[in-house]
Amino acid sequence: MAVFCGAAHGSDPYLQAAAATGRILAEHDIHLLYGGGCLGLMGAVADAALNAGGQVTGIIPGFLQSLGVAHGDLTDLRMVLDMATRKQHLVEEADALIALPGGFGTLDELAHVWSGNALGLCPPRPLGLLNTHGFYSPLIAFVRTAADCGFLAHHGHLPLEDLLLTDDDPAQLIRTLLARVPAAPAAEEDLTPAA
Ligand code: AMP
């Protein structure tokens, strides 16, 4: 499961929510995929998952790694060319995505998934917003307004309630997302004739 979140700490409840998310993912043996940073909520979610024995993969652009903000203790840290390539990897390699509170970077990642889904450019993935202390309520209101005003008409194939999977409880949000992950295709039968 991929997590988008702030590279800043934000205030207390957000840091705690990020740590809870990382811990819950690890406790359920869910591999965490994220932007590979060591700062803010990014560092908190990764540290909590690692401390609980989880697997954590970071995907970071070279320019951020050279600024020294990559996490040094991940299960796996991969360097990519740029931010766009990172977004593409995070979306393609995850079976579901969570946006924790964050700033412009998180908003950019969220919008990438929403608009990519609308145009069929992103593989369809359930995306959930962790609405800690109502952090995402203004964005949810914006999406509802955009829908009411007819600006999401081309999202016709995706009902609004599927676009807006939100919860303030990380465990419940993770359950909701897992329930929407399409089942993996069944393993191909071995058609080799018996000797
Ligand atoms: P923001 O929400 O503006 O703090 O940006 C966080 C998101 O943008 C993360 O999910 C990252 O993918 C990316 N990002 C922004 N700043 C950094 C950073 N210093 N280190 C790693 N990733 C970052």
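Data block above holds the structure.
It should be emphasised that the depicted structure is a prediction, and the values quoted were computed from it without experimental measurement.

Parameters and conventions
Residues numbered from 1 in each chain as written. Predicted model: local features only at pLDDT ≥ 70, side-chain atom pairs only at ≥ 80, totals over all residues. Heavy atoms only, no water. Near = heavy atom within 4 Å. Polar contact = N/O pair within 3.5 Å; in protein donor to acceptor, adjacent residues only side chain to side chain. Areas by Shrake-Rupley, 256 points an atom, 1.4 Å probe, with all protein chains shown as cover. Helix = DSSP H or I, 4+ residues; strand = E, 2+ residues; numbered from the N terminus. Nonpolar A, V, L, I, M, F, W, Y, C, P; charged D, E, K, R; others polar. Disulfide = S-S within 2.5 Å. 1 Å grid on protein atoms, 1.4 Å probe; cavity = no way out; pocket = protein on both sides within 12 Å on 5 of 7 lines; lining within 4 Å. Points joined across faces, edges and corners; volume = space filled by probe spheres on them. Buried < 20%, exposed > 50% of the residue type's maximum accessible area, 1.4 Å probe, protein only. Pairing = 2+ DSSP bridges. Axes fitted to C-alpha atoms, helices over the stretch in contact; angles between N-to-C directions. Right-handed = clockwise from strand over helix to strand, strands pointing away.

1. Quick look at the site of the ligand
Argument step 1. Near the ligand lie 14 residues; those nearest to it are Ala7, Gly103, Gly105, Thr106 and Glu109.
Argument step 2. The contact in question runs from an oxygen atom of the ligand to an N or O atom on the side chain of Arg86, over 3.0 Å.
Argument step 3. Contact between the ligand and Glu109: an oxygen atom at 2.4 Å from a side-chain N or O atom of the residue.
Argument step 4. Burial of the ligand by the surrounding chains reaches 84%, relative to a free accessible area of 480 Å².
Argument step 5. Put simply, the parts of the chain that give the shell around the ligand at least two residues each are α4 (83–93) and α5 (104–118).
Argument step 6. For the shell around the ligand, the element with the most residues is α5, which contributes four residues.
Argument step 7. Counted by class, the shell around the ligand contains seven nonpolar, five polar and two charged residues.

2. So, the state of the cysteines
Argument step 1. What the rule picks out here adds up to zero disulfides.
Argument step 2. Its sulfur unpaired, Cys38 is 12 Å from the next cysteine sulfur, which belongs to Cys5.

3. Focus: empty space enclosed by the protein
A probe as big as a water molecule, rolled over the atoms, marks out the empty space that is left.
Argument step 1. Applying the stated criterion across every chain yields a total of one cavity of 30 Å³ or more.
Argument step 2. Of the pockets and cavities examined, the largest cavity occupies roughly 50 Å³.
Argument step 3. In terms of lining residues, the largest cavity is bounded by Met83, Arg86, Lys87, Gly105, Asp108 and Glu109.
Argument step 4. If you list the elements that add at least two residues to the lining of the largest cavity, you get α4 and α5.
Argument step 5. Grouping the amino acids of the lining of the largest cavity by side-chain chemistry returns one nonpolar, one polar and four charged.

4. So, the environment of Ala8
Argument step 1. Topologically, Ala8 is positioned in the loop between β1 (2–4) and α1 (12–27).
Argument step 2. Ala8 gets classed as exposed once you look at its relative accessible area, which sits at 52%.
Argument step 3. C-alpha separation for the pair Ala8 and Leu41, spaced 33 residues apart in sequence, amounts to 6.2 Å.

5. A short note on unusual backbone geometry
Argument step 1. Within the chain, Asp29 stands out as a residue other than glycine whose phi angle is a positive 55°.
Argument step 2. The topology assignment puts Asp29 in the loop between α1 and β2 (32–34).
Argument step 3. For His133, which is not glycine, the phi dihedral falls at a positive 50°.
Argument step 4. You can see His133 is positioned in the loop between β6 (127–130) and α6 (137–148).
Argument step 5. What makes His133 exposed here is its relative accessible area of 63%.

6. Here we look at the sheet that holds strand β4 (residues 76–80)
Pairing between the strands of a sheet is mediated by backbone hydrogen bonds and can be parallel or antiparallel.
Argument step 1. If you trace the seven strands from one edge of the open sheet to the other, you get β4-β3-β2-β1-β5-β6-β7, paired in parallel fashion. A strand with exactly one partner marks an edge of an open sheet, and here the two such strands are β4 and β7 (165–167). Across the sheet, the mean angle from the axis of one strand to that of its neighbour is 25°, orientation sign disregarded.
Argument step 2. Across three bridges, strand β5 (residues 97–99) lies against β6 in parallel orientation.

7. Side note on the pairing of strand β3 (residues 56–61)
Argument step 1. In terms of burial, β3 is largely enclosed, as six of its six residues are buried.
Argument step 2. Here β3 shows two buried faces, one formed by Val56, Gly58 and Ile60 and the other by Thr57, Ile59 and Pro61.
Argument step 3. Bridge count for β2 against β3 is three bridges, and the pairing is parallel. Each residue of the ladder has a partner; that of Leu32, found in β3, is Val56.
Argument step 4. On the question of chirality, the crossover connecting β2 to the parallel β3 by way of helix α2 (residues 40–51) is right-handed.
Argument step 5. Here β3 runs beside β4; their pairing, made up of five bridges, is parallel. The residue bridging Gly58 from the neighbouring strand is Leu77, located in β4.

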